[in-house]
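Read off the chains here:
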Amino acid sequence: MSYRLSHLKQLESESIYVIREVAAQFEKPVLLFSGGKDSIVVLHLAIKAFYPAKLPFPIMHVDTGHNFPETIAFRDQLVEKLGVKLIVASVQESIDKGRAVEEKGINASRNAIQAVTLMDAIDQYKFDCALGGARRDEEKARAKERFFSHRDEFGQWDPKNQRPELWNIFNGKKNFGEHFRAFPISNWTELDVWQYLKEEGVSLPSLYFAHKRQVIQRNGVFLAMTDFLETATHEIPEERLIRFRTIGDATCTGAWESAADTIDAIVEEIAATRLTERASRADDKRSESSMEDRKKQGYF
């Protein structure tokens, strides 16, 4: 009798294999956790990969200080529930120490300077591999990533100088001062993520489900009204029924008009849409190569 894994189980198996390879090849890995759906899936997979043992590495949140309150509340509840070790790397501390310069003006965002905080934390804790939740379908720069993404001693990424990955053989060899990023769910799509979350019954921040919120519209993107968002005189807040497809810095993470308030409804919505979730990210609209430029500087 033949046994064939479902599409989601094949993806799960591949991702768990990558996570275990990270644990086997590196001395001090860390899992980057934003509180978003992709990092939640990676954490869920990592827990599965080593069960019933505890997670053999900590999780780290690069905190911009401009997070949605719902994200931080969810993060803290999940950490307590799972009993994992959380490290918080603060962008505000990087600014206070003069390590990073905060942008000014109406379109200011702390998103780009996260790279400084991340690299400082990697150096402080001597992490040699950082697991992330990036997927190749998100954005064209993400599509160039390997499962094991080599970074030089400055944390820089060279898309033309990555190791081949044949037959799921990963090369984690590095020189002193270098490190890797690892992306276990590279081959997943947004729809895969939501179908998996549904199948596994994984908890999520309330921001992902339709709710009424005060927003402004800027450059075709709905931005939520928060204490961090500076507005122009002509930008009048209005209440809309929205949800978020991606979660990040509140000043540049756009919302989508949506009535999808259950996972079933979200799965149907994602299956029908032709726009990627990052189409609502204001930071990606700064230039055609904005994501790749940030990645070369040490971004996720």
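**Concerning helix H5 (residues 114–125)**
Its 12 residues place the ends of H5 17 Å apart at the C-alpha level, agreeing with the 16 Å of an ideal helix rising 1.5 Å per residue. Of all the positions in H5, only Gln114, Ala115, Thr117, Leu118, Met119, Ala121 and Ile122 are classed as buried. Contact partners of the buried residues in H5: strand E1 (29–32), strand E2 (59–63), strand E3 (86–90), helix H4 (91–96) and strand E6 (179–182). Two residues or fewer past H5, Lys126 is found with a positive phi of approximately 60°.

**Digging into the side chain of Asp63**
Residue position: Asp63 is located in strand E2. For the buried Asp63, which has no salt bridge, the nearest side chain bearing the opposite charge is Arg75, at an N-O separation of 4.4 Å. A polar atom in the side chain of Asp63 sits 2.8 Å from the backbone nitrogen of Gly65. Those residues in contact with Asp63, other than ones at most four positions away along the chain, are Arg75, Val88, Ala89, Ser90, Val91 and Gln92.

**As for the pattern of salt bridges**
A pair can form between side chains of opposite charge whenever their charged atoms are brought close. This model, assessed by the stated rule, comprises 20 salt bridges. Across the pair Asp123 and Lys126 runs a salt bridge whose closest N-O atoms are separated by 3.7 Å. Put simply, Arg218 and Glu235 hold a salt bridge, and the shortest N to O gap is 2.8 Å. Of this pair, Arg218 sits in strand E7 (residues 211–218) while Glu235 sits in the loop between strand E8 (221–224) and strand E9 (238–243), and the two are 17 residues apart along the sequence. A relative accessible area of 9% places Glu235 in the buried class. Look at the salt bridges and you will find they share partners, linking Lys9, Glu12, Lys48 and Glu200 into a network.

**Describing a nonpolar patch on the surface**
On the surface, Leu166, Trp167 and Ile169 cluster together to form a nonpolar patch covering roughly 410 Å² of accessible area. Tracing the backbone through its elements, the reader meets Ile169 in the loop between strand E5 (148–151) and E6. Classification of Ile169 as exposed rests on a relative accessible area of 53%.

**Here we look at the nonpolar core**
Nonpolar side chains in soluble globular proteins generally cluster together in the buried interior. Leu31, Phe148 and Trp194 are the most contacted members of the largest nonpolar core, which has 56 residues in total. The element contributing the most residues to this core is helix H2 (residues 37–50), with eight residues. Counting contributing residues, this core receives three or more from each of domain 1 (7–192 + 289–296) and domain 2 (204–284). Formed by 16 residues, the second largest nonpolar core is a distinct cluster that contains Val30, Ala89, Ala100 and Ala121.

**Examining the side chain of Lys37**
Position of Lys37 among the secondary structure elements: in helix H2. Within the structure, Lys37 has its side chain in polar contact with the backbone oxygen of Arg245 (distance 2.9 Å).

**As for the domain arrangement of the chain**
Quoted interface sizes are often the accessible area lost when the parts come together. Partitioning the chain into domains gives domain 1 (7–192 + 289–296) and domain 2 (204–284). Its C-alpha centre places domain 1 at a distance of 23 Å from the equivalent point of domain 2. Each partner contributes to the roughly 2500 Å² buried at the junction of domain 1 and domain 2, and carbon and sulfur atoms together form 54% of this total. Linking domain 1 with domain 2 are two salt bridges, by the criterion used here. Between Glu190 and Arg245 there is a salt bridge; the shortest N-O distance is 2.6 Å. Where domain 1 touches domain 2, the interface holds seven residue pairs in polar contact (both at pLDDT 80 or more). Counting residues per element, the ones that place at least two in the side of domain 1 that touches domain 2 are H2, helix H3 (69–82), helix H6 (190–200) and helix H8 (290–296). Taken together, the residues of the side of domain 1 that touches domain 2 sort by class into seven nonpolar, 12 polar and 11 charged.

So, how was this worked out
- Residues numbered from 1 in each chain as written.
- Predicted model: local features only at pLDDT ≥ 70, side-chain atom pairs only at ≥ 80, totals over all residues.
- Heavy atoms only, no water.
- Helix = DSSP H or I, 4+ residues; strand = E, 2+ residues; numbered from the N terminus.
- Expected span 1.5 Å × (residues − 1).
- Buried < 20%, exposed > 50% of the residue type's maximum accessible area, 1.4 Å probe, protein only.
- Contact = heavy atoms within 4.5 Å.
- Lys, Arg positive; Asp, Glu negative; His and termini not counted.
- Salt bridge = Lys/Arg side-chain N within 4 Å of Asp/Glu carboxyl O.
- Polar contact = N/O pair within 3.5 Å; in protein donor to acceptor, adjacent residues only side chain to side chain.
- Patch = residues over 30% accessible without salt bridge, like charges linked within 9 Å, V, L, I, M, F, W, Y side chains within 5 Å.
- Areas by Shrake-Rupley, 256 points an atom, 1.4 Å probe, with all protein chains shown as cover.
- Core = buried A, V, L, I, M, F, W, Y, C linked by side-chain atoms within 4.5 Å.
- Domains from an automatic or database assignment.
- Buried area = accessible area lost by both parts, 1.4 Å probe.
- Nonpolar A, V, L, I, M, F, W, Y, C, P; charged D, E, K, R; others polar.

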